[in-house]
Amino acid sequence: MKFLIISQKSGLIHKAYWYNQNRLVSVATLGSHCALQVLKGAKDEGLKTILVSEKKREKLYKRFKFIDEIILVDSFSEITSDECQTKLSENNSVLIPHGTLIAQMTSEKIESIKTPIFGNKWILRWESDRELKEKLMLEAKLDVPKAISDPKDIDRLVIAKRQGAAGGKGYFMASSEDDYNKKREKLISQGVIKSDEKLYLQTYHSGVLADVHTNSPLVLRESLLDKVYKMGENFVDASRDLVPPGMNGPFCIEGVYDEEASFYTFEFSARIVAGTNIYMNGSPYSSLIYDEPMSMGRRIAREIKEANSTNQLEKITT
Amino acid sequence: MKFLIISQKSGLIHKAYWYNQNRLVSVATLGSHCALQVLKGAKDEGLKTILVSEKKREKLYKRFKFIDEIILVDSFSEITSDECQTKLSENNSVLIPHGTLIAQMTSEKIESIKTPIFGNKWILRWESDRELKEKLMLEAKLDVPKAISDPKDIDRLVIAKRQGAAGGKGYFMASSEDDYNKKREKLISQGVIKSDEKLYLQTYHSGVLADVHTNSPLVLRESLLDKVYKMGENFVDASRDLVPPGMNGPFCIEGVYDEEASFYTFEFSARIVAGTNIYMNGSPYSSLIYDEPMSMGRRIAREIKEANSTNQLEKITT
Amino acid sequence: MKFLIISQKSGLIHKAYWYNQNRLVSVATLGSHCALQVLKGAKDEGLKTILVSEKKREKLYKRFKFIDEIILVDSFSEITSDECQTKLSENNSVLIPHGTLIAQMTSEKIESIKTPIFGNKWILRWESDRELKEKLMLEAKLDVPKAISDPKDIDRLVIAKRQGAAGGKGYFMASSEDDYNKKREKLISQGVIKSDEKLYLQTYHSGVLADVHTNSPLVLRESLLDKVYKMGENFVDASRDLVPPGMNGPFCIEGVYDEEASFYTFEFSARIVAGTNIYMNGSPYSSLIYDEPMSMGRRIAREIKEANSTNQLEKITT
């Protein structure tokens, strides 16, 4: 189960109109993951849209009229090239980060991007690094399964995870040190993980599993909503303390509900997640807040538009 | 599988405009279950919205701008207090009943509420009482699994259910009298059910199980729709005969389809169900009837608005 | 998993207005399958709607105000009667074919219908005939599981399928010739299949199974979209070569994704499928292309309307 919560701390979201166009901004993103949602949402808000696309996918993205400009690259890492940064700068672009950016670049590389990044680019390192991630989740008072630092200490069922956003590839379960070593060796021999790769071991917690429902619509019991908001607020508070300027963009807390309706948090994503693609036209929850179809991509664009019109873009970008 | 069918017998649903505002009405409900859907729908129809909320959830509900007034209570049972009834009366409120009302109050208490209740409040007793429930389902010619009155007679797989809307908690399967007694004793020792609690035993019928899909969108084969309408009409007819003034509000028939596409009915709810929350913005079926997003909550509000404008509120409330 | 792809080859889809009404057309279909979606979509586009309905379902369809005229028949085969064809002709009807047409009539009968049929009626024979179907899928370079022509050659798990659109009824798995013969005999004795019925044997390919998700919303990883479009284009190309005038209407490619995200195609439908009913109000993908709710039924109606206004109806009918 994944929660989509956009921080309301900036106080910019609920303003209704864009009353100032002194400086036009555009929305840019990498061609993958949730790019279509993000750029369609930006176009719905009247903003110029720019896609940084690998050449092999040019044909796909040219199908969509709402993409105003495509910057072709051989590899996404060219996002930091002078040519690419200049084009984005000329268009006053705000770059929307998503899972592909994190999966394909190191934290150092992401932090070196000169284009303003929507949300907090510094917190993306905390999403990618298992130890930092756990630290932030604990600071946010989330119920996190116990981490095991040494395979010798495996005394119950654990799940071994890789660093970064690998989409679950190479993850495995183990019930003992022996079991862990055997399975790890097998994955190394298959080339799935590297021989010197450090894995993160976490006590396995059964329940309604995140992965089962990721791409499936789900509505919570209304009685659980209050706790969900509390988790979101605690996460925002902890982020402000540990990673200035805090969580000033969308984020997602991922975990399971057990039979007692207690929530255990496994992961977070400190940016838009691909699971929002199923709500391309708004979700049951967005329709409680907006009287028009509002995807997460469109909501991001609206916040950029409103921040720009009130000269507060620096509050929602890094 | 749950069917959402709103009775069309009152003849009020399809009128398009609210042409008379001599007497303003408001929509009220308890803060839980489907309160957000109901009050958002009422606001979409231009009605004042009132929430009776436990103090601990005030913060949650204050987030939603479409809630005009919150009446804070320590417990929902205060709905019958003079103070609460006076406030609701001053606002010409219609109270929308939902699962939380039924789960937390006796039928006597619900029947004593002086605020007009949307639909038929007398039928809520028939929803809560297993024997009355079975009687109404049989009168409606629904295919209901055979009830077993004495555990001695268990000669096949049965499901033991509690009275009222307990959300399935404490339900269990049993294949013999011994099996039944063992499982019952265990639940008593765990404090889940009471030692003198009378359970309702029903032959277990396998198929596409209701619980699996409750919160998941589902579209029926068009060839099955006719039978669904027939079930709904039979239920409306039986309700009019057994529980005047009949089924003048939304209701839900719950059961399973077996492999031959025959439907077996286990339960009904004689009011809006929480499963409608997933269609906060309308369902595939509502879009066949309405050219605007129409949740069940909004549909209720529209019917109240239209009944009020034509002085027929007494036809849709009790 | 099913893909819904409407051919864009005709170049008619993206025009925005209907600027010519010299000749009014109506949309007709058989009363079953996706008739409600198709006729609601046609009404949304301002076209007259006609339903050919079995008498037993008249009551169901009369509930829906968007159905302008109902032609009652004892059996759908009367679609070729003089009376029926005359009525459709007087209304300049375009008949939308769906699964019920294919399930209840031979290819010869369908081909003899004089009313213009939306899409390519000649390709419906290729959908119904297993050998032709396989030929077209291979020509489209789709990855199709290997067919086994003789039960003697069963050396791995196979699935035995019937001809035509039987909805999976009578399909079975077999791991050897003996196993196949036993299961086949049993189904014959139960009257499910005929003793002289020729079954089509296909190597069984496990993965994310089509049937599990047919009626459930699903959004693909954006990185897989390009391949989906390629499959669709190849299918359009192959159809033009093998079955003139080609695939000039909606179609659906059905199969599974394996763990490596490779797609294996089992089936295709050369017309609208019932799975689109869940997107009665548009899908996540349709909202990328249209700024209004756009079901597949409505999209068909729009294409008819635009083709009619530019005198190109013959390009999208046969």
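What counts and how
- Residues numbered from 1 in each chain as written.
- Chains lettered and ligands numbered in written order.
- Predicted model: local features only at pLDDT ≥ 70, side-chain atom pairs only at ≥ 80, totals over all residues.
- Heavy atoms only, no water.
- Helix = DSSP H or I, 4+ residues; strand = E, 2+ residues; numbered from the N terminus.
- Buried < 20%, exposed > 50% of the residue type's maximum accessible area, 1.4 Å probe, protein only.
- Contact = heavy atoms within 4.5 Å.
- Areas by Shrake-Rupley, 256 points an atom, 1.4 Å probe, with all protein chains shown as cover.
- pLDDT = per-residue confidence, 0-100.
- Pairing = 2+ DSSP bridges.
- Axes fitted to C-alpha atoms, helices over the stretch in contact; angles between N-to-C directions.
- Buried area = accessible area lost by both parts, 1.4 Å probe.
- Salt bridge = Lys/Arg side-chain N within 4 Å of Asp/Glu carboxyl O.
- Nonpolar A, V, L, I, M, F, W, Y, C, P; charged D, E, K, R; others polar.
- Least-squares fit on C-alpha atoms with pLDDT ≥ 70 in both.
- Phe/Tyr/Trp six-rings, centres within 6.5 Å; stacked < 30°, edge-to-face > 60°.
- Lys NZ or Arg CZ within 6 Å of the ring centre and 35° of its normal.
- Core = buried A, V, L, I, M, F, W, Y, C linked by side-chain atoms within 4.5 Å.
- Disulfide = S-S within 2.5 Å.
- Parallel < 35°, antiparallel > 145°, perpendicular 65-115°, else oblique.
- Left-handed = near helix turned anticlockwise from the far one by under 90°.

Undergrad: Hey, could you go over the overall build of chain A for me, with residue numbers and the actual values?
TA: Secondary structure summary: chain A contains 13 helices and 11 strands in total. Across the 318 residues that make up chain A, the buried fraction comes to 57%. Once local pairs closer than 6 in sequence are excluded, the contacts in chain A between residues at least 24 apart make up 62%. Accessible surface computed for chain A: about 13,900 Å², of which carbon and sulfur atoms make up 48%.

Undergrad: A description of the confidence of the model for chain A should follow, citing residues and the corresponding values.
TA: All names here are of chain A. Across chain A, pLDDT averages 87, with 88% of residues at or above 70. In this model, residues 1-21 is a region of pLDDT below 50 whose contacts with residues beyond four sequence positions or in other chains number 73 contacts. When the criterion is pLDDT under 50, residues 209-213 qualifies, and its contacts beyond four places in sequence or with other chains add up to 9 contacts. Complex prediction metrics read pTM 0.88 and ipTM 0.85.

Undergrad: Give me the sheet that holds strand E5 (residues 93-95) of chain B: which residues, what numbers.
TA: Residue and element names in this part refer to chain B. Strands sit in the order E4-E3-E2-E5 across an open sheet of 4 strands; the sheet is parallel. Both edges of this open sheet fall to strand E4 (69-73) and E5, since each of them pairs with a single strand only. Direction aside, the axes of adjacent strands within the sheet are offset by 25° on average. Of the pairings in the sheet, the one linking strand E2 (residues 26-30) to strand E3 (residues 48-54) comprises 5 bridges and is parallel in character. Counted as the bridge partner of threonine 29 is leucine 51 from E3.

Undergrad: Give a description of the pairing of strand E10 (residues 250-257) of chain A that names residues and reports values.
TA: Residues and elements named next belong to chain A. A large share of E10 lies buried, amounting to 8 of its 8 residues. Judged from the 6 bridges that link them, E10 and strand E11 (residues 263-269) form a sheet pairing that is antiparallel. Each residue of the ladder has a partner; that of valine 256, found in E11, is tyrosine 264. Hairpin connection, E10 to E11: the antiparallel pair is bridged by 5 residues, and alanine 261 has positive phi, about 65°.

Undergrad: Before we move on, could you go through the interface of chain C and chain B and cite the residues and values that matter?
TA: Every contact between the two is made by 23 residues of chain C and, on the other side, 13 residues of chain B. It is Leu60(C), Arg63(C) and Met280(C) that lose the most area in chain C upon contact with chain B, and together they represent 28% of the buried surface on that side. For the pair chain C and chain B, the number of links is 3 salt bridges. Here Arg63(C) and Glu233(B) are joined by a salt bridge, their closest N and O atoms 2.7 Å apart. Broken down by secondary-structure element, the contributors of at least two residues to the side of chain C that touches chain B are helix H1 (35-44) and helix H2 (58-62) of chain C. Among the residues forming the side of chain C that touches chain B, the class breakdown is 10 nonpolar, 6 polar and 7 charged.

Undergrad: Give me the lowdown on the interface of chain A and chain C, citing residues and values where you can.
TA: How big an interface is tends to be stated in terms of the accessible area lost upon association of its parts. Every contact between the two is made by 23 residues of chain A and, on the other side, 13 residues of chain C. Summing the contributions of chain A and of chain C, the shared interface buries around 1,700 Å²; its carbon and sulfur component is 55%. Contact with chain C buries surface across chain A, with Leu60(A), Arg63(A) and Met280(A) losing the most and accounting together for 29% of the total. Put simply, chain A and chain C have 3 salt bridges between them.

Undergrad: Pulling in residues and values, what's your account of the relation of the copies chain A and chain C?
TA: Of the transformation superimposing chain A on chain C, the axial component is 0.0 Å and the angular component is 120°, with the fit at an RMSD of 0.0 Å. In symmetry terms, the pair is related by a three-fold rotation axis.

Undergrad: Describe the pattern of salt bridges, listing the residues and the values that go with them.
TA: Enumeration over the complete set of coordinates arrives at 77 salt bridges over all chains. Here Lys59(A) makes a salt bridge to Glu233(C), at a shortest N to O gap of 2.9 Å. Note that Lys59(A) is positioned in helix H2 (residues 58-62) and Glu233(C) in helix H10 (residues 225-242), a pairing that runs across two chains. Residue classification places Lys59(A) among the partly exposed residues on the basis of a relative accessible area of 47%. Take Glu233(C): its relative accessible area is 18%, and that puts it in the buried class. Its salt-bridge partner being Glu111(B), residue Arg125(B) comes within 2.9 Å of it at the nearest N-O pair.

Undergrad: Quick one: what's the story with the packing of aromatic side chains, residue by residue and with numbers?
TA: Using the criterion set out here, one finds 17 aromatic pairs over all chains in the structure. Ring centres of Phe235(A) and Phe251(A) lie 4.9 Å apart, and the angle between their planes is 25°; on these two criteria the pair is classed as stacked. Of this pair, Phe235(A) sits in helix H10 (residues 225-242) while Phe251(A) sits in strand E10, and the two are 16 residues apart along the sequence. Like Phe235(A), the residue Phe251(A) is buried in the burial classification. Ring pairing ties together the aromatic residues Phe64(A), Phe66(A) and Tyr229(C), which thus form one cluster. The positively charged end of Lys133(A) is found above the aromatic ring belonging to Phe268(A), 5.4 Å away from the centroid.

Undergrad: Give a detailed account of the environment of Leu47(B), specifying residues and quantitative values.
TA: For Leu47(B), the location among the structural elements is in the loop between helix H1 (35-44) and E3. Note: C-alpha distance between Leu47(B) and Glu131(B) (84 residues apart in sequence) is 38 Å.

Undergrad: Outline the nonpolar core, supporting the account with residue identities and numerical values.
TA: Counting 71 residues, the largest nonpolar core has Ile79(B), Phe235(B), Ile96(C) and Ile304(C) as its most contacted members. Not counting residues up to four positions away in its chain, the partners in contact with Ile304(C) are Val25(C), Val27(C), Leu47(C), Val94(C), Ile96(C), Phe118(C), Leu313(C) and Ile316(C). Grouped together as the second largest cluster of nonpolar side chains are 70 residues, Ala28(A), Ile110(A), Phe263(A) and Leu288(A) included.

Undergrad: Let's hear about the side chain of Ser295(C): which residues, and what values?
TA: Within the secondary structure, Ser295(C) is located in the loop between helix H11 (286-289) and helix H12 (296-309). Ignoring anything within four residues of it in the chain, the contact list for Ser295(C) reads Gln37(C), Tyr279(C), Met280(C) and Gly282(C).

Undergrad: Account for the sheet that holds strand E5 (residues 93-95) of chain A, with residues named and values stated.
TA: Residues and elements named next belong to chain A. Taken in spatial order, the 4 strands of this open sheet run E4-E3-E2-E5, and their pairing is parallel. Edge positions in the sheet fall to strand E4 (69-73) and E5, since each of these pairs with one other strand and no more. Strand after strand, the sheet turns through a mean of 25° between neighbouring axes, direction not considered. As paired elements, strand E3 (residues 48-54) and E4 share 5 bridges and run parallel to each other. Opposite isoleucine 50, over in E4, you have glutamate 69 as the bridge partner.

Undergrad: Mind laying out the environment of Cys84(B), listing which residues take part and the relevant values?
TA: Residues and elements named next belong to chain B. Position of cysteine 84 relative to the elements: it lies in helix H3 (residues 82-90). Of the residues examined, cysteine 84 reaches a relative accessible area of 3% and is grouped as buried. The sequence separation of cysteine 84 and threonine 115 amounts to 31 residues, and the corresponding C-alpha distance is 9.5 Å. The residues contacting cysteine 84, other than those within four sequence positions of it, are Val52, Ile71, Glu78 and Ile79.

Undergrad: For the state of the cysteines, give the residues involved together with the corresponding values.
TA: Per the counting criterion, the structure on display carries 0 disulfides over all chains. Sulfur of Cys84(B): no disulfide; nearest cysteine sulfur belongs to Cys34(B) and is 17 Å away.

Undergrad: Got a sec to walk through unusual backbone geometry? Specific residues and values, please.
TA: When glycine is set aside, most residues are seen to have a negative phi, and most peptide bonds are trans. Residues and elements named next belong to chain A. Here the amide bond leading from proline 244 into proline 245 is cis, since omega sits at 5°, within 30 degrees of zero. Here proline 245 is to be found in the loop between H10 and E10. The residue asparagine 311 is not glycine, and still its phi comes out positive at about 55°. For asparagine 311, the position within the fold is in the loop between helix H12 (296-309) and helix H13 (313-316).

Undergrad: Got a sec to walk through the environment of Ala28(A)? Specific residues and values, please.
TA: All names here are of chain A. The residue alanine 28 is located in strand E2 (residues 26-30) in this model. Residue classification places alanine 28 among the buried residues on the basis of a relative accessible area of 0%. Between the alpha carbons of alanine 28 and isoleucine 79 there is a distance of 11 Å; along the sequence they are 51 residues apart.

Undergrad: Pulling in residues and values, what's your account of the packing of helix H7 (residues 130-139) of chain B against helix H10 (residues 225-242) of chain B?
TA: Residues and elements named next belong to chain B. Between H7 and H10, the least distance of the axes is 8 Å, while the angle of their chain directions is 125°. In this view, H7 runs oblique relative to H10, as classed from their interaxial angle. Read as a crossing pair, H7 and H10 show a hand that is right-handed. For the pair H7 and H10, contact is made by Lys135, Leu136 and Glu139 and by Phe235, Ala238, Ser239, Asp241 and Leu242, respectively. Looking at the contact of H7 with H10, its residues break down into 4 nonpolar, 1 polar and 3 charged.

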